[in-house]
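Summary of the model geometry
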Amino acid sequence: ARARGEFFDLVDVDSFGSEGRFVGAALECVRRDGGLVYITGTDGLAVGGHKPMRAWAAWGAALRPVPSANEHGLRALIAHAVREAAARGLGATP
């Protein structure tokens, strides 16, 4: 889409598993003046800290299986999206 100059109002990333590799592509094709990127993290084992190497590979975060693991996973996902946006010179607001 970016190569053709097409940008979208909303891009929904629901990848059934780790979405880390798709966040950058979604940011590349969303409108720069207020476009939205929705990200769904369905890799429960990584989010819950039961597969820490998978979380590290997907989001660059070390997660552990603790009672607050879901919140940690959400924060890791948001941090990954913000880092990807910053690397492209874009702003991101969770």
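See above for the structure.
Residues numbered from 1 in each chain as written. Predicted model: local features only at pLDDT ≥ 70, side-chain atom pairs only at ≥ 80, totals over all residues. Heavy atoms only, no water.

Another point: a nonpolar patch on the surface. The grouping of Leu 10, Leu 36 and Tyr 38 at the surface amounts to a nonpolar patch, some 280 Å² of accessible area in total. Position of Tyr 38 among the secondary structure elements: in strand β2 (residues 36-40). (Patch = residues over 30% accessible without salt bridge, like charges linked within 9 Å, V, L, I, M, F, W, Y side chains within 5 Å. Areas by Shrake-Rupley, 256 points an atom, 1.4 Å probe, with all protein chains shown as cover. Salt bridge = Lys/Arg side-chain N within 4 Å of Asp/Glu carboxyl O. Helix = DSSP H or I, 4+ residues; strand = E, 2+ residues; numbered from the N terminus.)

All right, on to the pattern of salt bridges then. Counted by the stated rule, this structure contains five salt bridges. Of the charged contacts in the structure, one is a salt bridge between Glu 84 and Arg 88, with a shortest N-O distance of 2.7 Å. The exposure class of Glu 84 is partly exposed, given its relative accessible area of 22%. Within the structure, one salt-bridge network assembled from shared partners comprises Asp 9, Arg 31 and Asp 33. (Buried < 20%, exposed > 50% of the residue type's maximum accessible area, 1.4 Å probe, protein only.)

What follows is about the environment of Ala 81. Position of Ala 81 relative to the elements: it lies in helix α4 (residues 69-87). A sequence separation of 59 residues divides Ala 81 from Phe 22, and the C-alpha atoms of the two residues are 9.9 Å apart. Look past the residues within four positions of Ala 81 in its chain and what remains in contact with it is Val 23, Leu 27 and Ile 39. (Contact = heavy atoms within 4.5 Å.)

With that out of the way, let us pick up the nonpolar core. Core analysis: the biggest nonpolar cluster contains nine residues, these being Ala 46, Val 47, Ala 55, Ala 58, Trp 59, Ala 61, Leu 63, Ala 76 and Leu 77. Contributing elements (two or more residues each) for this core: α2 (44-47), α3 (52-59) and α4. It is α3 that contributes the most residues to this core, three residues altogether. (Core = buried A, V, L, I, M, F, W, Y, C linked by side-chain atoms within 4.5 Å.)

To continue, consider the side chain of Glu 28. Following the sequence through the fold, Glu 28 ends up in helix α1 (residues 20-29). Taking relative accessible area as the criterion, Glu 28 reaches 18% and is therefore assigned buried. A distance of 2.7 Å separates polar atoms of two side chains, one belonging to Glu 28 and the other to Arg 88. (Polar contact = N/O pair within 3.5 Å; in protein donor to acceptor, adjacent residues only side chain to side chain.)

Judged by how many residues are buried, α1 sits mostly within the fold: seven of 10 residues are covered. All of the buried residues along α1 are Gly 20, Val 23, Gly 24, Ala 26, Leu 27, Glu 28 and Cys 29. Considering only its buried residues, α1 is in contact with β1 (10-14), β2, α3 and α4.

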